[in-house]
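Spelled out, the chains give:
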Amino acid sequence: MRTIEKAAGPRIKSGATHGVRFALVALATALLAGCATENTRLVPPVPKPVWPMASSDIAPDPGYRFGKLANGVRTIVRSNATPAGTAMVRMVIDTGSLDERDDQRGLAHFVEHMAFEGSTHLPDGDMIKVLQRAGLAFGADTNASTSFERTIYQLDLPRADPTLLNTALMLMRETASELRFTPDAVNRERGVVLSELREGKGFTLTDWHDMAQFLYPKATYIQRLPIGTEHSIMQADAAALRAFWQAHYRPDRATVVVIGDFPAAKMDAAIKAHFGDWQPNPAPPPGRIDAGRVDRNRHDRVDIWTDPALSERVTASRHGPWTDEPDTIANRRRALLRNIGYRIVNRRFQSLSRRADPPFHGAGFGTADVFHAGRTTNLVVDTEDGKWRRGLITASAALRQALTRGFTRAELDEQIAELREGLENAAAEAQTRSNAALLRTALAAVTDDKVPATPADALARFNAFAPTITPGAVLEALRADALPLDAPLLRFQGRHAPKGGAAEVRRAWAEGETAPGAVFTPVAGPFGYGDVGSPGAIVSDQRDPVLGIRMIRFANGVRLNLKPTDLDRARVRISLSLAGGLPLATRADPQAVTMVSFMAAGGLRKHSADDLQTLLAGHSVGGSLTAVGDAFVAAAEITPRDLALECAYLAAMVRDPGYRPEAELAFHEGIANVIVRRDATPHAALANALGGIESDGDPRFALGDIATYRALTFAKLRSAIGDRLAHGAIEIGMVGDFDEATAIADIARTFAALPVREADFHVDPAAVQRKFTDRRGPLIVTHKGPAAQAIVRFEWPTTDDHDEKLELTLDMIQAMVTIAVEDTLRETMGKTYSPRASSSQSDLWPGWGTFAVQASVTTADVDATRAAIRKTIAALIAAPADPDLIARARAPLVERIDNGLKGNAGWLALVARAQTRPDRIVRHEAARDILLSLTAGDMQAAAARYLQPDRALEILVVPAGAKVAQKAGS
């Protein structure tokens, strides 16, 4: 529901804002449906340098090799061995939805889909099969995306061997110039695109549409969302798609980026061999549709948009001209100054949101470009239902105060410390930057004209400039960038319209312009926690003979596991496991540990979370407890220099948590929003109902009512977990770039100095009993989203993970079924965008495991989808699977195992509980051989044992009032 009023009366004076950055372009790229058309005009391409460094005084990182083939294809290549033996390949085509005429809406995205459907040298559907056989999982390693301005194809290669790299480049070239667009393939893929469009609809999209129309009624891009419209997708045929592809996929619009473990010179030659003979299109390049106008004179209006699923938000906005800022040292300095200003304003908002009686959930102030058409400054205020007025007034007053009185030196120092920390860490880690990190930097040169500087140079420039930064300079830069929010565009969204309507929204804004701002004084002084006491003595010190993990036990029972690696320089991953976790929740007290994850927001007894942010500025310190299995787990990634401080912080979190009321309030407000939205979309309805369905309403796994959660307090949480914090067994894992002796000393002074802990992670068998429902056949769950949206889910009980061969067998079946339903439901029937299978076997609940097949479809296709899933599962049981299907399923799983210990995250999974869960190490070592030994008969037998179609629980998520067959097997 929408109402708009034009404001009357005098213009209102105000300041400007950042923080919750209004990334309209990025958000719209992910959203799906179209709007009404209007007349558009084409604009010719704007000439610019081949690479941004050609017109910049910033020295580029010499590790990148930038090139351009004779036909216009640009190339970026970098040799890198993190993770070792892997590579990432991207092809960027400078064509997106802004290149579409009114009768072509959605074609750029449709062409992207067709890239996987057949080409000159690959029959229809073979591209995905080729990649799966090579060890790439569709979706995870093989993907593509279309935005307003470009299309990006991506392959993440588990091996950087010449054969696979050659295959990847061959497939990219097929997409560039060899697609076939057969009518049959187009018709099959049409259903998939329509499914993607359908899945994107809902309250989030309609809210975005209203916001965009209110703020930018004369902008073209809001009528060119990449998904297109149902009409345009239905009308698109093979000839139209081929014509669009031939006109826009041109060598001079293509960039090939390859990062990985290979000789760079050889990769340059390989790219030239594959792309060098791509002939330029003799026709002139089509013009791009003008992005339209961002009306800087649009102001003094109020928009009210309501939807039962929307939380409350008020936004104040003003528009201005786009500012062209080439990537130079001078412009980076200006950007740094204003960025600090935005950060300080948003830090103030954050502090206000953490008070015991906060005026808002959160607020943000930011300025964002809208293509090259303009820019918008926004103040965004999120509040509890009915509290919008106080929130808007408080945020507006705080903003005005910041822009008139400026900032303190203490606030500036906090932001400089945080920025310096990030730059120092990047410089220290430079030699082991991941392929993904280097790829992001390379793509920024392609998409945003950013020069890829070295981390060391960036740090040096910052250190040279930082001493000259003053609060006054920051304020001046912020004022120059942010548009004054004079008589702004005011937009209210929420479940209920504000009392008094638009006039009341306007009055609240005016009141905020004169209200006193809140006082913000950052805390000063040292961190109040250090060594706990006398260092604990070591009573056991041994090394795992298989993986070399050092395993130490201290006199008080604390365990420490260490694995130094050189995989990520200047980084340490640390985990804390404290006995307790999910078994503390019982049927009588099912929500006993629900609030654990909010403890960090309550800070420590001596310091609030807000104080900690200031006191620890410039340090990589953090972590919060979460109930995971039989433990409360905290994890953090830090620098070696902050290891002692991290140990002190984690120890303080265990022995002296803050339990502050502001965190308790944040929990209650957050869960209230979850309850209200519990069935707003099909996926929300399924997620919130599933645990209760599987467990026959066991309150430990079901979403409770709001009264249940309102009754939860930190006092109850302290009672539930206090004994575990004081006495529960503790195991700590560390992986990364650290000195073992230093790490042992840091733990000895903190955790090992605590009073004696229990020896083991004991679990009461009675606390971990869980039974899968006896219900079978169809069960209806209703949602309140769009009427065309539905979900079909088949689910079977399996068992726990005690048998590794069985676990891997079910993992194989999961991969095989996912491929099979993609082949049938997606590729052949065109019914769904992302069907999938999943297998989950518990290491906590004895006998508990599930296997599921799920697909999002249109409501009209529910019965056909049920039949197709049953047929797919029945085929696995009836006969041994096709060897090619087994190979396509197995290869990505083997690659996952082979690459599992090429990063510190994989190591930590084994190191974290190396002493209390040594079976994880044993299972890891055996997994590859077991996986390779599995036969078609193994999969057939397991499927027959667990996945009989008539024994499935069918969960059908449909809109309220929809009629679907209740008979199993229909």
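Everything below is about the structure shown above.
Predicted model only: the values in this text are computed from it and were never measured. (Residues numbered from 1 in each chain as written. Predicted model: local features only at pLDDT ≥ 70, side-chain atom pairs only at ≥ 80, totals over all residues. Heavy atoms only, no water.)

Enquirer: Is there a simple way to explain the sheet that holds strand β8 (residues 254-260) in this structure?
Expert: Whenever strands of a sheet pair, they do so through backbone hydrogen bonds, lying parallel or antiparallel. In spatial order, the strands read β3-β4-β8-β5-β7-β6; together these 6 strands make up an open sheet with mixed pairing. Both edges of this open sheet fall to β3 (65-68) and β6 (142-146), since each of them pairs with a single strand only. This sheet shows a mean twist of 15° between the axes of neighbouring strands, independent of strand direction. (Pairing = 2+ DSSP bridges. Helix = DSSP H or I, 4+ residues; strand = E, 2+ residues; numbered from the N terminus. Axes fitted to C-alpha atoms, helices over the stretch in contact; angles between N-to-C directions.)

Enquirer: Explanation requested: the pattern of salt bridges in the structure shown.
Expert: It is possible for side chains bearing opposite charge to pair when their charged atoms get close. This model, assessed by the stated rule, comprises 67 salt bridges. The partner of D630 in a salt bridge is R913, and the shortest N-O contact between them spans 3.1 Å. Taken together, the residues D630 in the loop between β19 (626-628) and β20 (631-638) and R913 in the loop between α27 (904-911) and α28 (919-933) connect sequence positions 283 residues apart. You can call R913 buried: its relative accessible area is 5%. Taken together, the salt bridges that share partners define one network made up of D863, R866, R870, D950 and E954. (Salt bridge = Lys/Arg side-chain N within 4 Å of Asp/Glu carboxyl O. Buried < 20%, exposed > 50% of the residue type's maximum accessible area, 1.4 Å probe, protein only.)

Enquirer: Got a minute to help me understand the environment of L650 in this structure?
Expert: By the secondary structure assignment, L650 is in helix α18 (residues 643-655). Each C-alpha atom of the pair L650 and A680 lies 38 Å from the other, and the pair is 30 residues apart in sequence. Setting aside residues no more than four positions away along its own chain, L650 makes contact with I574, L576, G622, A634 and F751. (Contact = heavy atoms within 4.5 Å.)

Enquirer: Hey, could you run me through the side chain of E731 in this one?
Expert: Along the polypeptide, E731 turns up in strand β21 (residues 730-736). Judged by its relative accessible area of 0%, E731 falls in the buried class. Within the structure, the side chain of E731 is placed 3.3 Å from the backbone nitrogen of A914, a separation counted as a polar contact. Sequence-distant contacts of E731, that is, excluding residues within four places in its chain, are made with R559, N561, S575, L576, S577, F761, A912, R913, A914, Q915 and T916. (Polar contact = N/O pair within 3.5 Å; in protein donor to acceptor, adjacent residues only side chain to side chain.)

Enquirer: I would appreciate a short explanation of helix α9 (residues 264-275) in the present structure.
Expert: Since there are 3.6 residues in each turn of an α-helix, residues three or four apart along the chain are aligned in direction. Helix length check: α9, at 12 residues, gives a terminal C-alpha distance of 16 Å against a target of 16 Å (1.5 Å per residue), a fit within 8%. All buried positions along α9 are accounted for by A264, M267, I271, H274 and F275. For α9, the buried positions fall inside an angular range of 85° around the axis, keeping them on one side. Turned more than 90 degrees off the buried face of α9, the exposed positions are K266, K272 and A273. (Expected span 1.5 Å × (residues − 1). Arc of directions from axis to C-beta.)

Enquirer: Would you explain the environment of N561 in this entry?
Expert: Within the fold, N561 resides in strand β17 (residues 559-564). When the C-alpha atoms of N561 and D698 are compared, they prove to be 37 Å apart, with 137 residues separating the residues in sequence. If sequence neighbours within four positions are ignored, N561 has contacts with I549, R550, M551, E731, I732, G733, M734, V911, A912, R913, A914 and Q915. Looking at N561, its side chain comes within polar contact range of the side chain of E731, at 2.7 Å. Among the polar contacts made by the side chain of N561, one reaches the main-chain carbonyl oxygen of V911 at a distance of 2.9 Å.

Enquirer: Would you mind going over the sheet that holds strand β16 (residues 550-554) with me for this structure?
Expert: Spatial ordering of the open sheet is given by β15-β16-β17-β21-β18-β20-β19, a layout of 7 strands whose pairing is mixed. Looking at the sheet topology across the chains shown, the edges are occupied by β15 (538-543) and β19. Between one strand axis and the next, the sheet turns through 20° on average, direction left out of account. The pairing of β16 with β17 spans 4 bridges and is classified as antiparallel.

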